[in-house]
Amino acid sequence: MSHPLDFLYIYMTDQCNLSCIHCWQSAPLAGEGKYARLNFDECKDFLSDAVAMGLNSVVFSGGEPLLNREFPKFAQYFHEQSISMTAETNGILLSNPDIFNTVKKYRIHCAISLDGINPETHNKQRGSATAYQKTVQNIKKLEQEGLSYQLIMALSKFNYQELIPLLDWVKTNCKYCHTFKINVINLLGRAEEMDEQGLLFKPEELPKLAEEIAGLHKTYPFLLLHVDPAFISFKNFKLKYSCGGSCGYQSSLSILANGNISICSLGKQVEDYTFGHISTIDVKEAWNNSPTLTDIHENMQTKLKGICSNCIFKKQCFGGCRAEALCAYGDFFAPHPRCQSYYDSGQFPVARLIDKDMGGNFGIDRKFN
């Protein structure tokens, strides 16, 4: 098996207890109808097969994964299999004693969203008048128990002015926060409205943003910027303050909340990238013999299009987020829309091109605006 199945994204539910203005999945509010939630018993055989294939880690996501009442069953199972676990959460449901005790007992690493130092900023971005108070309260609970966690800031022009004050707060109050990750908001889902309001960073603005954040790294060594490598200056790579590009899709699968197996959550929108239902799929057979997965595993570098086919970082990032590429161009092998837009602006550095004479257009046209 040339590409091991290293990790799973497990989308526990489509629903969320918040309504974030930047949500790339436009997750529906909990309680406003019936939406999919995973059932542990239905997943168990699939999970057992994945463990037998060498599974190392899982990420619980959603929606808000802690809304799924079977979360403790999943956690106990993976703990017994010595599989590392991360929960991508807004942190609010950690106030539930049963959920918090599950996190504590099984040493689940929480990646918690925090978008500003002012309650009004975080609450507006999260669509709730009480989100900040509840999230910070539960961060303090993790601190009191000495549990390691990560904070994640979804960054835009809306909250950029609060970055340094928030970093100062983390440096002073968050002993067990091992990294503070900055995710530049992508043009997907509800963030399209933010873009219409001029709140998102344009691709040509990202090199300056990355440079400014690099200047903060010495003061805040726990800082981590998630951005494509094409936007990082060569001199700043040595700082190791950035991550970006590939999400690891060549070594992972996703279990969607409805039980379908996909590369990632893009399987919600595009059936071609789902490989069966968790109750019936033979995961080893699909992983080794699915034409779609074989194409991705064996031909990704040669089939990338646009600027990504001619970028020196293509072996590092493999074209970045494929969900963004598919949504923008209707093609899994299309370039990352942010990098292609950067190239089309005429500002993409020539030094980043493999073939300086070839360029990076190749007839790419956006499918969606």
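Data block above holds the structure.
Residues numbered from 1 in each chain as written. Predicted model: local features only at pLDDT ≥ 70, side-chain atom pairs only at ≥ 80, totals over all residues. Heavy atoms only, no water.

**Concerning the packing of helix 1 (residues 40-52) against helix 2 (residues 71-80)**
Counted only if it meets this: Note on method: axes are straight lines fitted to C-alpha atoms, helices fitted across the in-contact stretch only, with angles between N-to-C directions ranging 0 to 180 degrees. Secondary structure counts use DSSP, requiring at least four H or I residues in a row for a helix and at least two E residues in a row for a strand, with both numbered from the N terminus. An angle counts as roughly parallel when it lies under 35 degrees, as roughly antiparallel when it exceeds 145, as roughly perpendicular when it falls between 65 and 115, and as oblique in every other case. For any helix crossing, the convention is left-handed if the near helix is rotated counterclockwise from the far helix by under a right angle, and right-handed if that rotation is clockwise. Contacts are residue-level and defined by heavy atoms, with any inter-residue pair within 4.5 Å sufficient. Residues are sorted three ways: Asp, Glu, Lys and Arg are charged, Ala, Val, Leu, Ile, Met, Phe, Trp, Tyr, Cys and Pro are nonpolar, and all the rest, Gly among them, are polar.
For the pair helix 1 and helix 2, interaxial distance at closest approach is 11 Å and the crossing angle is 20°. Between helix 1 and helix 2, the crossing angle belongs to the class labelled roughly parallel. In this structure, helix 1 crosses over helix 2, and the sense of that crossing is right-handed. In this structure, helix 1 contributes F40, C43, K44, L47, S48 and V51 to the contact, and helix 2 contributes K73, F74, Y77 and F78. Here the contact of helix 1 with helix 2 is composed, by residue class, of 7 nonpolar, 1 polar and 2 charged.

**What to know about a negative patch on the surface**
The criterion, for reference: Like charges within 9 Å and nonpolar side chains (Val, Leu, Ile, Met, Phe, Trp, Tyr) within 5 Å are joined into patches, using only residues over 30% in relative accessible area that form no salt bridge. Working definition of accessibility: Shrake-Rupley area with a 1.4 Å probe, residue cover restricted to the visible protein chains. Criterion for a salt bridge: a side-chain nitrogen of Lys or Arg within 4 Å of a carboxyl oxygen of Asp or Glu. Working convention for charge: Lys and Arg count positive, Asp and Glu count negative, and His plus the chain ends are omitted. In this description, the location of a charge corresponds to atom NZ of lysine, CZ of arginine, CG of aspartate or CD of glutamate.
A surface patch of like charges, here negative, comprises D45, D49, D282 and E285. Here D282 lies in the loop between strand 11 (274-277) and helix 9 (283-289).

**What about the pairing of strand 9 (residues 252-255)?**
Heads up, the rule is: For every residue, the accessible area (1.4 Å probe, protein chains only) is compared with the maximum for its type, and the residue is labelled buried under 20%, exposed over 50%, or partly exposed between those bounds. In this description, strands pair whenever DSSP reports at least two bridges between them.
Residues S252 and S254 line one face of strand 9 and the alternating positions L253 and I255 line the opposite face, and both faces are buried. Bridging between strand 1 (residues 7-11) and strand 9 involves 4 bridges; their strand directions are parallel. Counted as the bridge partner of F7 is S252 from strand 9. The loop that links strand 9 with its antiparallel partner strand 10 (residues 260-262) comprises 4 residues; one of these, G259, has a positive phi angle of about 95°.

**Focus: helix 5 (residues 131-145)**
Basically, it comes down to this: Multiplying one less than the number of residues by 1.5 Å gives the expected span of a helix. Working definition: the arc comes from the directions between the helix axis and the C-beta atoms, pointing outward to the latter.
The end-to-end C-alpha distance of helix 5, which contains 15 residues, comes to 22 Å, matching closely the 21 Å that a straight helix rising 1.5 Å per residue would cover. Residues of helix 5 that are buried: A131, Y132, T135, V136, N138, I139, L142 and E143. Down the axis of helix 5, the sector holding all buried residues measures 165°, keeping them to one side. Opposite the buried face of helix 5, at more than 90 degrees from it, the exposed residues are Q133 and Q144. Of the surrounding secondary structure, the elements contacted by the buried residues of helix 5 are helix 3 (97-105), strand 4 (109-113), helix 4 (119-126), strand 5 (149-155), helix 6 (163-173) and strand 6 (177-184). Following helix 5 by one or two positions, G146 has its phi on the positive side, about 70°.

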